[in-house]
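Listed below, chain by chain, are the residues.
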Amino acid sequence: MTREEKSQVIEDLTAQLANNANIYLADISGLNAVTTSDLRRACFKANIKLAIVKNTLLEKAMEASDKEFGDLASVLKGNTSVMYSETGNAPAKVIKAFRKKSDKPLLKGAFIEEAVYIGDDQLDALVDIKSREELIGDIIGLLQSPAKNVVSALQSSGGKLTGILKTLSQKEG
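Remember, predicted model here, so these are calculated numbers, not experimental data.

Definitions and limits used
- In this convention, every chain numbers its residues from 1, walking through the sequence in written order.
- Whole-chain, interface and lining totals are the exception, using all residues; otherwise, since this is a predicted model, local features are given only for residues with pLDDT of at least 70 and side-chain atom pairs are given and counted only at 80 or more.
- Water and hydrogen atoms play no part in the side-chain values, which are based on all heavy atoms of the structure.
- Lining residues are those with an atom within 4 Å of a point, where the points come from a 1 Å grid over the protein atoms alone and group into cavities, where a 1.4 Å probe fits but cannot get out, or pockets, open sets with protein on both sides within 12 Å along at least five of seven lines.
- Grid points are joined across faces, edges and corners, and a volume is the space filled by probe spheres set on the points.
- Segments assigned H or I by DSSP are reported as helices when at least four residues long, segments assigned E as strands when at least two residues long, and all are numbered from the N terminus.
- Three residue categories are used. Nonpolar comprises Ala, Val, Leu, Ile, Met, Phe, Trp, Tyr, Cys and Pro, charged comprises Asp, Glu, Lys and Arg, and polar comprises the others, including Gly.
- An automatic or database domain assignment supplies the start and end points of every domain.
- The pairing criterion for strands is at least two bridges between them, as found by DSSP.
- Residue burial is assigned from relative accessible area. The probe radius is 1.4 Å, only protein chains are included, and a residue is buried under 20% of its type maximum, exposed over 50%, and partly exposed in between.
- Polar contact criterion, stated in full: a pair of N or O atoms within 3.5 Å, where within protein one must be able to donate a hydrogen and the other to accept it, and residues adjacent in sequence count only if both atoms are side-chain atoms.
- Contacts were defined at the residue level, with two residues in contact if any of their heavy atoms lie within 4.5 Å.
- In this description, a nonpolar core means a group of buried Ala, Val, Leu, Ile, Met, Phe, Trp, Tyr and Cys residues linked to one another through side-chain atoms lying within 4.5 Å.
- To estimate the expected span of a helix, count its residues, drop one, and scale the result by 1.5 Å.
- Note: the arc covers the axis-to-C-beta directions of the helix.

**Regarding the layout of surface pockets**
As a volume, the largest pocket reaches approximately 300 Å³. In terms of lining, the largest pocket is formed by 16 residues, of which the most central are N22, E86, G88, E113 and R132. No other element matches helix α6 (residues 132-156), which puts three residues into the lining of the largest pocket. Partitioning the lining of the largest pocket into residue classes produces four nonpolar, seven polar and five charged. Two domains each donate at least three residues to the lining of the largest pocket, and these are domain 1 (3-129) and domain 2 (131-172).

This is the structure we're talking about:
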């Protein structure tokens with residue numbers, strides 16, 4: 001690979017790192033062609049981009065990036081694949097599901113919305129991360145619950161002004 005080609009790869013990787021808030025580093029070495037194809041298919045279905053990278057080029061791209069990757073560069077040994085996803089926990093779910101049939105991929109590390117996770121032992125924690133949409137849904141559900149209680153209490157009081165005032169005074173106490 002020429003110096004110009006390496007520079008282009010680093011530039012492309014730097015752009016990918018900049019455009020993705022959720023980046024997983026995994027080891028898929030040792031997977032045969034069929035299993036690798038199955039993993040790629042699972043990633044495609046989950047809207048995850050999977051790419052195999054050279055550690056030295058990825059490390060240079062991480063250094064060139066505006067993001068703070070912390071100790072993530074320390075896991076760049078051996079074979080490394082990068083998984084890019086819009087959903088923070090999607091790659092973790094794919095890895096966990098895939099590991100029911102295979103001992104790979106191994107999670108090397110992850111960068112999720114500016115937080116860095118190192119090591120395969122972080123997989124369960126990453127699976128449990130809620131997406132932005134799930135968090136918004138939880139918050140809306142929590143906010144709607146008290147409002148629904150007040151509305152149902154108001155409706156049960158017959159809608160009379162005295163009943164409404166009584167219900168509101170009970171809610172304050």
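**Thoughts on the pairing of strand β5 (residues 115-118)**
In this structure, strand β4 (residues 106-112) lies alongside β5, joined through four bridges in antiparallel fashion. Bridged to A110 within β5 is Y117. Between the end of β4 and the start of β5, which pair antiparallel, lie two residues, with E113 showing a positive phi angle near 45 degrees.

**Topic: the side chain of T80**
Residue placement: T80 occurs in strand β3 (residues 80-85). Look at T80 and you get buried, because its relative accessible area is 3%. Polar side-chain contacts of T80 include one of 2.6 Å to the side chain of K108. Once residues within four sequence positions are removed from consideration, T80 is found in contact with L25, A26, A51, I52, V53, N55, L58 and K108.

**Observations concerning unusual backbone geometry**
Excluding glycine, a negative phi dihedral is what most residues carry, and trans is how most peptide bonds are arranged. The residue after K104, namely P105, is reached through a cis peptide bond having omega 5 degrees. Within the secondary structure layout, P105 lies in the loop between α4 (90-98) and β4. Despite not being glycine, N47 has its phi angle at roughly 60 degrees, a positive value. With respect to the element layout, N47 can be found in the loop between α2 (33-45) and β2 (48-53). For E114, which is not glycine, the phi dihedral falls at a positive 80 degrees. Mapping E114 onto the fold places it in the loop between β4 and β5.

**Things to note about the nonpolar core**
Ranked by size, the top nonpolar core spans 20 residues in total, and within it Y24, L39, C43, M83 and L126 carry the most contacts. Breaking this core down by element, the ones donating at least two residues are β1 (22-27), α2, β2, α4, β4 and α5 (123-127). The element contributing the most residues to this core is α4, with five residues. Once residues within four sequence positions are removed from consideration, C43 is found in contact with I48, L50, M83 and V94. One finds L13, I23, A61 and V75 within the second-largest nonpolar core, a separate group that totals 17 residues.

**A short note on helix α1 (residues 3-19)**
Taking 1.5 Å per residue, 17 residues should reach 24 Å; α1 reaches 24 Å between its end C-alpha atoms and fits that length. Within the span of α1, buried status applies to I10, L13, T14 and L17. Within α1, the buried residues cover an arc of 105 degrees as seen down the axis, which keeps them to one side. Exposed side chains of α1 directed beyond 90 degrees from the buried face belong to E4, E11 and N19. Looking at the buried side of α1, the elements it contacts are β1, β2, α3 (55-64) and β3.

Worth remembering: the numbers are spatial, not functional.
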